[in-house]
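The lines below spell out each chain.
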Amino acid sequence: MSGMWGNKLKVSIFGESHGVGIGITIDGLPSGFEINMDEVIREMARRAPGKSNLSTARKEADAPEILSGFFEGKTTGTPLCAVIRNADMHSKDYGKLKDLMRPGHADYPGFIRYNGFNDYRGGGHFSGRITAPLVFAGAVCKQVLEGKGIVVGAHVKSIGDIEDKSFYDVELSKELLENLKTKELPLIIPEKEEEMRNTILKAKKEQDSTGGTIECTVLGINAGIGNPFFDSVESTLAHLIFSVPAVKGIEFGKGFEMTTLRGSECNDEYYYDGDVVKTYTNNNGGITGGITNGMPILFKVAMKPTPSIIKKQRTIDIDENKEAELVIEGRHDPCIVQRAVPVIEAVTAIGILDLVL
């Protein structure tokens, strides 16, 4: 299993959804950095389950317990390790899933990959629960980045076919991003919230689920960060973002829309704003040649509908080697998009800090 990532900044995740706990080790943080733990807890709460009928009923405090690398309120420079204890597990809900493979989940490929020794309860190490330690790491990285004038933020761009306004259509600022963080459904157009809630609750009522998109930005990053080809800004961020369960697509800047345009429409023309070089447009999402060009980094992520649904589905029974039908029990999100917003921000912060260092 690959539970480690990074170059200058290295992270290593561990744990399972229904195990004793989940956690992360971060190596490469500067020594003497003062962590605002209240802000870390606020970030953790944004992802935590059980807050409303839009998410799973599982209730977890998601309170990180720092084991090492932190002394008298500051980082020591040695690996920072934190664990989050699991508390509200209903493992009995997953008894029959030892043999019945959930469609859309990692049950079957995980069974094959690990010869049947994987922990299937709640998805084990494949579970979205493992993103909680990533949010802890991202919260710390965000604070380090803010000390360098770099801010990361995101919003729900769409739920089903209900669309919010794009970051391209507003004036981006730290204040806007901070305001979005205070909302369960972080939207630029608040009037869209009721429509999105109704879309999620309708899917839930019909024993189904829905997906959507998340738009993310990085403000204040200088030009010249990143490397072409294998360590480009896009490949670095994409590597981390595709590590988040349920992510099935990403586009930087105008992305796929650019395939319908001409070069004259796509190119971001330069100008001087005093001594600062800027572009009139930002179609490339702040990245050209794999390197930041000084404009805000902009990208959009596609999140698939939650695969755990109550509707009867066709599957296989690997114990009896026959086809079967499955009705999934337990507590599951009818939509994961809104809880994934802080996760996308977190892995983005981890990737950007690694590049900046």
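Thresholds, definitions, all that
- Residues numbered from 1 in each chain as written.
- Predicted model: local features only at pLDDT ≥ 70, side-chain atom pairs only at ≥ 80, totals over all residues.
- Heavy atoms only, no water.
- Axes fitted to C-alpha atoms, helices over the stretch in contact; angles between N-to-C directions.
- Helix = DSSP H or I, 4+ residues; strand = E, 2+ residues; numbered from the N terminus.
- Parallel < 35°, antiparallel > 145°, perpendicular 65-115°, else oblique.
- Left-handed = near helix turned anticlockwise from the far one by under 90°.
- Contact = heavy atoms within 4.5 Å.
- Nonpolar A, V, L, I, M, F, W, Y, C, P; charged D, E, K, R; others polar.
- Salt bridge = Lys/Arg side-chain N within 4 Å of Asp/Glu carboxyl O.
- Buried < 20%, exposed > 50% of the residue type's maximum accessible area, 1.4 Å probe, protein only.
- Expected span 1.5 Å × (residues − 1).
- UniProt positions renumbered as here; feature names shortened; annotations may be inferred.
- Polar contact = N/O pair within 3.5 Å; in protein donor to acceptor, adjacent residues only side chain to side chain.
- Pairing = 2+ DSSP bridges.

Undergrad: Residues and numbers for the packing of helix H6 (residues 233-241) against helix H8 (residues 337-356), please.
TA: Contact geometry for H6 and H8: axes closest at 9 Å, N-to-C directions at 140°. Overall, the two elements H6 and H8 adopt an arrangement that is oblique. Pair H6 / H8 crosses with right-handed handedness. Contact residues: H6 offers Val233, Thr236, Leu237, Leu240 and Ile241, while H8 offers Ile344, Val347, Thr348, Ile350, Gly351, Ile352 and Leu355. Among the residues forming the contact of H6 with H8, the class breakdown is nine nonpolar, three polar and no charged.

Undergrad: Please provide a residue-by-residue account of the pattern of salt bridges, values included.
TA: All chains considered together, the criterion is met by 23 salt bridges. Between Glu43 and Arg46 there is a salt bridge, and its shortest N-O distance comes to 3.2 Å. Of this pair, Glu43 and Arg46 both sit in helix H1 (residues 37-47), three residues apart, roughly one helical turn. Each member of the pair, Glu43 as well as Arg46, carries the same accessibility label: buried. A salt bridge links Lys142 to Glu345, with the shortest nitrogen-to-oxygen separation between them at 2.4 Å. On the criterion of sequence distance, the pair formed by Lys142 in helix H3 (residues 131-146) and Glu345 in helix H8 is long-range, its members being 203 residues apart. For Lys142, a relative accessible area of 4% puts it in the buried group. Connected through shared salt-bridge partners, Glu43, Arg46, Lys142, Glu178, Lys181 and Glu345 make up one network.

Undergrad: Could you give an account of H3, with specific residues and numbers?
TA: Side chains of residues three or four places apart in an α-helix project in the same direction, reflecting 3.6 residues per turn. Over its 16 residues, H3 runs 22 Å from end to end, which matches the ideal 22 Å to within 8%, given 1.5 Å per residue. Counted residue by residue, H3 has 15 buried out of 16 residues, so it is predominantly covered.

Undergrad: With reference to specific residues and values, describe the UniProt feature "binding site: FMN" (unreviewed entry) in the protein.
TA: Feature annotation in UniProt places "binding site: FMN" (unreviewed entry) on His125, Phe126, Ser127, Gly289, Lys304, Pro305, Thr306, Pro307, Ser308 and Arg331, given in this structure's numbering. Look at the named residues: they lie 207 residues apart in sequence, and the longest C-alpha span between them is 44.3 Å, so in the fold they stay spread out. Along the chain, Ser127 turns up in the loop between helix H2 (107-113) and H3. On the accessibility criterion, Ser127 (11% relative accessible area) is buried. Setting aside residues no more than four positions away along its own chain, Ser127 makes contact with Ser17, Gly122 and Pro245. Polar contacts involving the side chain of Ser127 include one to the main-chain amide nitrogen of Arg129, which spans 2.9 Å. Inspection of the secondary structure puts Lys304 in the loop between strand S16 (297-303) and strand S17 (313-317). With sequence-adjacent residues up to four places away left out, Lys304 is seen in contact with Gly104, Gly211, Ala246, Lys248 and Ile336.

Undergrad: Tell me what's going on with the pairing of strand S3 (residues 21-27), and back it up with residues and numbers.
TA: Burial of S3 is extensive: five of the seven residues sit out of reach of the surface. Pairing analysis gives six bridges linking strand S2 (residues 10-15) to S3, with the strands arranged antiparallel. Within S3, the residue paired with Lys10 across the bridge is Asp27. Between S2 and S3, which pair antiparallel in sequence order, lie five residues.

Undergrad: Go over the sheet that holds S3, please, and point to the residues and values.
TA: Across the sheet, five strands lie side by side as S1-S2-S3-S7-S4; this open sheet has antiparallel pairing. The sheet terminates laterally at strand S1 (4-6) and strand S4 (64-68), the two strands that pair on one side only. Mean inter-strand twist for the sheet, computed between neighbouring axes without regard to direction, equals 20°. Strand direction decides the pairing type here: S3 and strand S7 (residues 80-85), joined by six bridges, are antiparallel. Bridge pairing in S7 links Ile24 to Ala82. Its contacts with the sheet place H1 against S4 and S7, and it is angled at close to 130° to S4.

Undergrad: Give a detailed account of the UniProt feature "binding site: NADP(+)" (unreviewed entry) in the protein, specifying residues and quantitative values.
TA: As recorded in UniProt, the feature "binding site: NADP(+)" (unreviewed entry) lies at Arg47. Examined against the element boundaries, Arg47 turns out to sit in helix H1. You can call Arg47 buried: its relative accessible area is 4%. Non-local contacts of Arg47, meaning those with residues more than four positions away in its chain, are made with Asp62, Gly128, Arg129, Thr131, Ala132, Val135, Arg339, Pro342 and Val343.

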